[in-house]
Amino acid sequence: MIRLALAVFLLAALPAAARAQVLTLDEVLRSSATNAPAILEAITRERQADGRRLSAEGAFDTLFEGDAQSRLLGYYDGTVVEARASRPFVNNGGGLYAGYRASRGEFPVYEDKAFTNRLGEVKVGAVFSLMRDRLVDERRTKLGLASRDIELARLDREMVAIGVQRRAVGAYQLWVVAGMRVGVYRDLLALASERQKSIERQITLGARPEILGTENRQNIVRRQTLLIRAEQELASAANALSFYLRDADGDPMTPGPERLPGAFPELRLPPLGGDLARRIDRPDLETILVRLDQAAARRQLAENDLQPRLDLRAEAAKDIGPIGLGGPNRTPAEAIVGVRFSLPLERRQARGRVAEAVAEADGLRLRRKLIEDQILVEVNDLAIQVGAAERLVALAGDEAALANRMAEAERRRFQLGASDFLVVNLREESAADARLRQLDAEYRRSASRAELVAATVDRAQLGL
């Protein structure tokens, strides 16, 4: 405890430039959120969905068509050139169209409509859907589904990011606790090394038997072995953390032991309650809502196909210029109104799609209820773990403090010659084990808090 207080004091006394080298959890999370390959891959899927939406918008593009034909052989020598532009309505299944047509030469009687005045014929018209395709049609439905796909891709990216950030927090916590374990074993080795100097002086003076020095050197070798194993675990934890800690180019960076903090990151607990599952803004729950919207859109399209088709067409045309070979009857302006009606008699295809969409929506609602219940159980279980971890940390801290006092007292007795080497060694190792158990308890508390933060989707603490 004295060493920890001294470390905190020295850290506070360091200049700002030196303190900045300590690797914080916020730095790891910022790096991970910006450069993690899994998150970048999810962003590309979002871009793909945006491309599909742009493709769906293409169904409303203006279409230009041109056609020309000329008789090269035969009795008639008629030539016709025609151009037409059309554009669908965005709020109706119909559309607008306009065209221009010009002809030269003679045509057979069955192609009398090909004749125009000398400067051709202009035409403009519109088609309106009065029943089927009036409120929804395939083009608008595909566009709406594509827009929802963008939302699904965004939610998928958030789910991936939450998972990556949770793993980043876990890797950081493992690195921190591995560094603290190294500190415990290094302190334990330092005690034995300092004792060796004292024992050798006492052996030189004849106050201690020579075998005691050999026994303590054996103890030093064993503690060195423990330290090397702990350093190996620290190096492994740093290597795992480098997957989330990356430079500006996205390349992994392995943090050195000099960047270790002196404590675990502090994570705030969310307010708990019975309606927690409904208060959490979880992407998986939002995904169900978006899919419900898509199912509703598909149902509306299927119900639209159950209706009869009744289209109204209005058209105006006017030949311009001198009278052509077709005669003067083409010169007056024309206005044409027409309707088209069709009705599928059995409509089994549309009824089947309606039943499919209804069943899909029912399944998604049940799925949402299942996820809400799972969230509630998961969060309550994590809250129980956090509460138990808090109590275990307190008990482990008391045990470590008592074991440390016993070890210090036994060392003073050993220095005064009132204690045995075996006893003081056991006291020191017991204090070290108690400190390790305290570190494990603190790690479990920090890990359970991180799990709760991820389960409740605390974006601020996850660096999102």
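The model shown is predicted, which means the values in this text are computed figures rather than measured ones.

As a packed pair, helix H8 (residues 283–306) and helix H9 (residues 348–415) sit with axes 8 Å apart at the nearest point and diverge in direction by 165°. Taken together, the axis directions place H8 and H9 in an arrangement best described as roughly antiparallel. In the crossing of H8 with H9, the sense of the turn from one axis to the other is left-handed. Within the contact of H8 with H9, the residues separate by chemical class into 16 nonpolar, no polar and 13 charged.

Here we take up the confidence of the model for the protein. In this model, the protein carries a mean pLDDT of 86, and residues with pLDDT of at least 70 account for 92%. Note on residues 1–20: pLDDT under 50 across the span, and eight contacts to partners over four residues away in sequence or across chains.

Glancing now at the sheet that holds strand E6 (residues 334–342). Pairing is antiparallel in the open sheet, where six strands are placed in the order E1-E2-E3-E4-E5-E6. A single partner strand is all that each edge strand has here, and the edge strands are strand E1 (63–70) and E6. Between one strand axis and the next, the sheet turns through 15° on average, direction left out of account. Inspection of the sheet shows E1 paired to strand E2 (residues 79–88) by eight bridges, in the antiparallel sense. Bridging from a neighbouring strand, Ala68 pairs with Val81 of E2.

Quick look at H8 now. A rise of 1.5 Å per residue sets the reference length of H8, with its 24 residues, at 34 Å; its end C-alpha atoms lie 35 Å apart and thus fit the reference within 8%. Taken as a whole, H8 has its buried residues at Pro283, Asp284, Leu285, Thr287, Ile288, Val290, Leu292, Gln294, Ala295, Leu301, Ala302 and Asn304.

With that settled, the discussion passes to the nonpolar core. The biggest cluster of nonpolar side chains holds 57 residues, and the ones touching the most others in it are Leu23, Val28, Tyr172, Trp175 and Leu241. The element best represented in this core is helix H5 (residues 138–205), accounting for 18 residues. Excluding its chain neighbours within four sequence positions, the residues that come into contact with Val28 are Leu23, Ala168, Tyr172, Leu241, Tyr244 and Leu245. Counting five residues, the second-largest nonpolar core is a separate cluster that includes Ala400, Ala403, Ala407 and Ala431.

Moving on: the side chain of Glu121. Examined against the element boundaries, Glu121 turns out to sit in strand E4 (residues 121–129). Given a relative accessible area of 7%, Glu121 falls into the buried group.

In this section: the packing of helix H3 (residues 25–35) against helix H4 (residues 37–57). Interhelical geometry of H3 versus H4 gives an angle of 40° and a closest axis separation of 6 Å. Counted together, Ser32, Ala33, Thr34 and Asn35 of H3 and Pro37, Ile39 and Leu40 of H4 form the full contact between these two elements. Partitioning the contact of H3 with H4 into residue classes produces four nonpolar, three polar and no charged.

It is worth spelling out the pattern of salt bridges at this point. Pairing of side chains with opposite charge becomes possible as their charged atoms draw close. Enumeration over the complete set of coordinates arrives at 38 salt bridges. A salt bridge links Asp133 to Arg309, with the shortest nitrogen-to-oxygen separation between them at 2.7 Å. One end of the pair, Asp133, is in the loop between E4 and H5; the other, Arg309, is in strand E5 (residues 309–319), with 176 residues separating them in the sequence. Its relative accessible area of 16% is what places Arg309 among the buried residues.

The subject of this paragraph is the packing of aromatic side chains. Each aromatic ring pair is described using two quantities: the centre-to-centre distance and the angle formed by the ring planes. With the rule as written, the count across this model stands at six aromatic pairs. Judged by centre distance (5.0 Å) and plane angle (85°), the ring pair of Tyr75 and Tyr76 falls under edge-to-face. Overall, Tyr75 belongs to the exposed group, its relative accessible area being 72%. Classification of Tyr76 as partly exposed rests on a relative accessible area of 27%. When the centroid spacing of 5.9 Å and the interplanar angle of 50° are considered together, the rings of Tyr172 and Trp175 count as tilted. Pair noted here: Tyr172 and Trp175 are both in helix H5, with a separation of three residues, about one helical turn.

So, about the pairing of E5. Side-chain positions along a regular strand alternate between the two faces of the sheet. Looking at chain direction, E4 and E5 are connected through nine bridges and run antiparallel. Among the inter-strand pairings, Ala126 is bridged to a residue of E5, identified as Ala314. Examined bridge by bridge, E5 and E6 share nine bridges and lie antiparallel to one another. Pairing of Ala316 across the sheet is with Ala335, part of E6.

Further remarks concern a nonpolar patch on the surface. Together, Tyr100, Leu119, Val122 and Ile320 make up a nonpolar patch on the protein surface, roughly 320 Å² of accessible area in all. Among the secondary structure elements, Val122 is positioned in strand E4.

Along the chain, the position of Gln300 falls in helix H8. The spatial distance from the C-alpha of Gln300 to the C-alpha of Ala400 is 67 Å, given a sequence separation of 100 residues.

Scoring rules and cut-offs
Residues numbered from 1 in each chain as written. Predicted model: local features only at pLDDT ≥ 70, side-chain atom pairs only at ≥ 80, totals over all residues. Heavy atoms only, no water. Axes fitted to C-alpha atoms, helices over the stretch in contact; angles between N-to-C directions. Helix = DSSP H or I, 4+ residues; strand = E, 2+ residues; numbered from the N terminus. Parallel < 35°, antiparallel > 145°, perpendicular 65-115°, else oblique. Left-handed = near helix turned anticlockwise from the far one by under 90°. Nonpolar A, V, L, I, M, F, W, Y, C, P; charged D, E, K, R; others polar. pLDDT = per-residue confidence, 0-100. Contact = heavy atoms within 4.5 Å. Pairing = 2+ DSSP bridges. Expected span 1.5 Å × (residues − 1). Buried < 20%, exposed > 50% of the residue type's maximum accessible area, 1.4 Å probe, protein only. Core = buried A, V, L, I, M, F, W, Y, C linked by side-chain atoms within 4.5 Å. Salt bridge = Lys/Arg side-chain N within 4 Å of Asp/Glu carboxyl O. Phe/Tyr/Trp six-rings, centres within 6.5 Å; stacked < 30°, edge-to-face > 60°. Patch = residues over 30% accessible without salt bridge, like charges linked within 9 Å, V, L, I, M, F, W, Y side chains within 5 Å. Areas by Shrake-Rupley, 256 points an atom, 1.4 Å probe, with all protein chains shown as cover.

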